[in-house]
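Take a look at the letters that make up each chain.
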Amino acid sequence: MGNAGIDVLAIAANPWRSDYLRYAIDVTVVEGTAIALVERDGGTRLLLESPAEAERLGGEWTRSPPAHAAEILGSFKAKRIALAPRHCLPYALARGPHRESMVTATAMLDRLMLYKLPAEAEAVKSAAVLADEGYRVFCDAARVGRAEYELVADVEAFFRSRGCPENFMILGSGGVEVRGMHPPGERRIARGDLVTTELTPCPDGYYAQICRTLVVGEPTEAQRRAFSVYLEALEAGVAAVRPGATMGDVARAENEVFRRRGLGDYVSSEYTRVRGHGIGLYVDGPAVLEDVTLVLEPDMTLIVHPNTYHPEVGYMVLGDSVRVTADGCEVLCRTPRELICVAA
Amino acid sequence: MRRGLIAWSKEQVPTSALDARVRRVQQALGAQRLDALLAYTSVARPAAVSWLTHFIPYWNEALVAVLPEGPPSLIASFSKRMHPWIREVSHVGEILPAPDLGRAAAAFVEKRGLKRVGVVDLEYLPWSVAEPIGIGIGAELVDASELFASLRQPADRYENALAVRAAQIAERALAAIRAGRGTPRRSFPSLNLRPGARARKRSFLESRRWAIAMRSNCPWPTKASGYGFAARIHWWRKRNPGSNPCFRVMRRRRAS
């Protein structure tokens, strides 16, 4: 704040985007909107929409945090005020006189959050350990006749029992008709299904992700053949992660494997969203895509996942969280990179 | 759990009920001199859009636009691959993909020549969505929160039935807790923890206790959960075994 010439920084948060607030004052809201007014000298006021959250976090309950925050900022006559982040700031606060500050203040926080302290990277590593354990629970849960939501319930129960309050999880089940992952539905697992999932537990404020595909029963030759492409792509992507490389380099390394195998069409946005992404305080950081020029530096954390549709077998996923080191990267997930088979 | 089962039971919420809700909004638009009503949805604020269309986002964000005629349009920051899933679980007309929700919404408003647009919970509409519409193309944004709240009353029989069902589930859950049958006691015998995992967990919990204790000297009145702070303390403790982490803070204070 000192370098940017900011005296007071107003940071908005809600249960979906609490990462900026967490970074600044180590608070995660689970209900309603929160606005923190952080002064350069350390003084902080936390305004909360939910009375229960105000009691839990020791903040101030107010019917309208954005309007109240605007009123307080209005009383700081001689101070330089900035607002962030732009995609989370409520209209009632953002429309005021300080809206010009939003872009630079958001960029400032984005930059700070990108470069992790070793301790933060360690927290992502701890989350990856839990992700591995959660995936084993998922494998146990995936049985013929069980509904998708029952699989997720088992994994969620496991994470809660381990004191993990948050997990981003989607899955897919079926065959060649499956084109992506989604929240759990009522479909029941059948013999021969490919069951995909990405688990993203957030035990200590930091997320880590794992993506794996399992087969219910013995995999077919086509499934084995398809899996080998994803395995090679993941290995190529992970090998490309090193200081000085860009997110684009990692995506290109993954995509080249698909192109060499005649599957170049399937790395386009029609079949896949991203080839990985940053991970940490937020579940979906900067994208791993060929046109992203963000340069990797030590202690950045990301997931590399060449997830996409395969025309012979359907949607497949495979991905590991990694931490950039001085000369490459450390793979944080330990679950074997195999096409896992569970009993039919 | 925010990402449990998402499904649409047409017995519980038939399309006719959703159509009737949208018609209530459409009838009110003219009386309020509004060209359209916009409702924003995200994991944090899903109620208005869920009431109108049964759509609940599991991540990302979207807007529902109700015009004086026709089914509501969904402007959604989801990839096209998710559109079949959206159709499975909700009742909407056109689905417009929106990599940038604000710009897509502004284009929607401009293309249809909408001048005066009501917004549910305008006060909380993210600036990244409000700016391109309100400033970018100069449409007048009007807070329609009170209008929308009045339209939701009285609740229809389907909504009442769901509220009764939710209350029954809550009662069963509370009864299970009282009977000591909650999930926290559940064990996962098939899961063999990696060697040392329990010790690491215990060590981290101890770091967290340190963090909470040290937070009591925090300059602002907070009861923050302190996970991130605890992670930093944990990291320091691992490198300084046996030392009191408070000394680190005290040394820093003396130095400053």
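Note on numbering: residues in each chain are counted from 1, in written sequence order. Working convention: letters from A go to chains and numbers from 1 go to ligands, in the order in which they are written. pLDDT decides what is reported in this predicted model: residues at 70 or higher carry local features, side-chain atom pairs at 80 or more are listed and counted, and totals for whole chains, interfaces and linings draw on all residues regardless.

Participant: Can you help me understand the environment of Trp127 of chain B in this one?
Facilitator: Secondary structure elements follow DSSP: runs of H or I no shorter than four residues count as helices, runs of E no shorter than two count as strands, and numbering proceeds from the N terminus. By secondary structure assignment, the location of Trp127 of chain B is in helix α5 (residues 127–136). Trp127 of chain B sits in the buried class, given 25 other C-beta atoms within 10 Å. The contact criterion used is a C-beta to C-beta distance within 7 Å, with each C-beta placed from the backbone. Among all residues touching Trp127 of chain B, those that are not within four sequence positions of it are Arg86, Leu89, Tyr91, Ala94 and Met102 of chain A. Counting other C-beta atoms within 10 Å of a residue's C-beta gives its exposure: the residue is buried at 20 or more, exposed at 12 or fewer, and partly exposed in between, where C-beta atoms are placed from the backbone.

Participant: Could you clarify how one ought to interpret the confidence of the model for chain B in this entry?
Facilitator: Reading fine detail from the predicted coordinates is not recommended where pLDDT is low. A residue's pLDDT is the confidence the predictor assigns to it, expressed on a 0 to 100 scale. Confidence along chain B averages 83 in pLDDT terms, with 71% of residues attaining 70 or more. Scored as a complex, the prediction yields pTM 0.85 and ipTM 0.93.

Participant: Just to check I follow, could you spell out the sheet that holds strand β3 (residues 44–48) of chain A for this structure?
Facilitator: Strand pairs in the sheet, formed through backbone hydrogen bonds, run parallel or antiparallel to each other. Residues and elements named next belong to chain A. Strand pairing is assigned whenever DSSP detects at least two bridges linking the two strands. The sheet built from five strands is open, its strands ordered β4-β3-β2-β1-β5 with mixed pairing. Strand pairing shows two members of the sheet lacking a second neighbour, β4 (60–61) and β5 (81–84), which therefore form its edges. Pairing of strand β2 (residues 34–39) with β3, which is carried by five bridges, proceeds in the antiparallel orientation. Of the residues in β3, the one forming a bridge with Val38 is Thr44. Here the axes come from fitting lines to C-alpha atoms, over the contacting stretch only for helices, and the angles between their N-to-C directions go from 0 to 180 degrees. The sheet contacts of helix α3 (residues 65–75) involve β1 (8–13), β2, β3 and β5, and relative to β2 the element is tilted by about 20°. Helix α5 (residues 102–114) rests against β1 and β5 of the sheet, and its axis sits at about 65° to β5.

Participant: Even after reading the chapter, I still don't get the environment of Ala119 of chain A, so can you show me in this structure?
Facilitator: Position of Ala119 of chain A relative to the elements: it lies in helix α6 (residues 118–141). Residue classification places Ala119 of chain A among the partly exposed residues on the basis of 19 C-beta atoms within 10 Å.

Participant: Is there a simple way to think about unusual backbone geometry in this case?
Facilitator: Note: most residues except glycine have negative phi, and most peptide bonds are trans. Following Ala84 of chain A, the chain continues into Pro85 of chain A via a peptide bond in cis, with omega recorded as -15°. With respect to the helices and strands, the residue Pro85 of chain A is situated in the loop between β5 and α4 (91–94). The linkage connecting Gln153 of chain B with the following residue, Pro154 of chain B, adopts the cis geometry, with an omega of -10°. Within the element layout of this structure, Pro154 of chain B appears in the loop between α6 (145–151) and α7 (157–178). The backbone of His54 of chain B shows a phi angle near 70°, a positive value even though the residue is not glycine. Here Asp121 of chain B, not a glycine, exhibits a phi torsion of approximately 55°, which is positive. For Asp121 of chain B, the position within the fold is in the loop between β5 (116–119) and α5. Exposure remark for Asp121 of chain B: the 18 C-beta atoms within 10 Å place this residue in the partly exposed category.

Participant: Just checking my understanding: could you explain the domain arrangement of chain A for this structure?
Facilitator: Residues and elements named next belong to chain A. Domain start and stop points were drawn from an automatic or database domain assignment. Parsing chain A into structural domains produces domain 1 (8–114) and domain 2 (118–342). Using only C-alpha atoms to locate each centre, domain 1 and domain 2 end up separated by 33 Å. Here the side of domain 1 that touches domain 2 takes three residues from helix α1 (residues 19–25), the largest share from any one element. A per-class count over the side of domain 1 that touches domain 2 returns three nonpolar, one polar and two charged. Asp, Glu, Lys and Arg are counted as charged, while Ala, Val, Leu, Ile, Met, Phe, Trp, Tyr, Cys and Pro are counted as nonpolar; the rest, among them Gly, fall into the polar class.

Participant: Before we go on, may I ask you to explain helix α9 (residues 247–260) of chain A in this structure?
Facilitator: Quick reminder: α-helices carry 3.6 residues per turn. Residues three or four places apart thus point the same way. Residue and element names in this part refer to chain A. What a helix should span is 1.5 Å times the count of its residues minus one. Look at α9: 20 Å from first C-alpha to last across 14 residues, which is about the 20 Å you get at 1.5 Å a residue. The element α9 is extensively covered by neighbouring structure, given that ten of its 14 residues are classed as buried. Of the residues making up α9, those classed as buried are Met247, Asp249, Val250, Ala251, Arg252, Ala253, Glu254, Asn255, Val257 and Phe258. Contact partners of the buried residues in α9: α8 (221–240), β9 (276–278) and β10 (301–304).

Participant: Teacher, can you tell me more about α7 of chain B here?
Facilitator: Residue and element names in this part refer to chain B. The first and last C-alpha atoms of α7 sit 31 Å apart over 22 residues, in line with the 32 Å expected at 1.5 Å per residue. With respect to burial, α7 is a largely exposed element, only zero of its 22 residues being buried. Where α7 terminates, the next one or two residues include Gly180, which has phi positive at roughly 75°.

Participant: Where do I start with the environment of Ile303 of chain A in this structure?
Facilitator: Residues and elements named next belong to chain A. Along the chain, the position of Ile303 falls in strand β10. Overall, Ile303 belongs to the buried group, with 31 C-beta atoms counted inside 10 Å. Between the C-alpha atoms of Ile303 and Thr272, which are 31 residues apart in sequence, the distance is 15 Å. Dropping the residues within four chain positions of it, Ile303 is found in contact with Gln209, Gly276, His277, Ile279, Gly319, Asp320 and Ser321.

Participant: Sorry, what's going on with the sheet that holds β5 of chain B here?
Facilitator: All names here are of chain B. Pairing in this open sheet of six strands is mixed, and the strands run β4-β3-β2-β1-β5-β6 from one edge to the other. Either end of the sheet is taken by a strand with one partner, and the two such strands are β4 (95–97) and β6 (140–143). Averaged over all pairs of adjacent strands, the angle between strand axes in this sheet comes to 25°, irrespective of strand direction. Here β5 runs beside β6; their pairing, made up of four bridges, is parallel. Residue pairing across strands places Val117 opposite Leu141, the latter belonging to β6.

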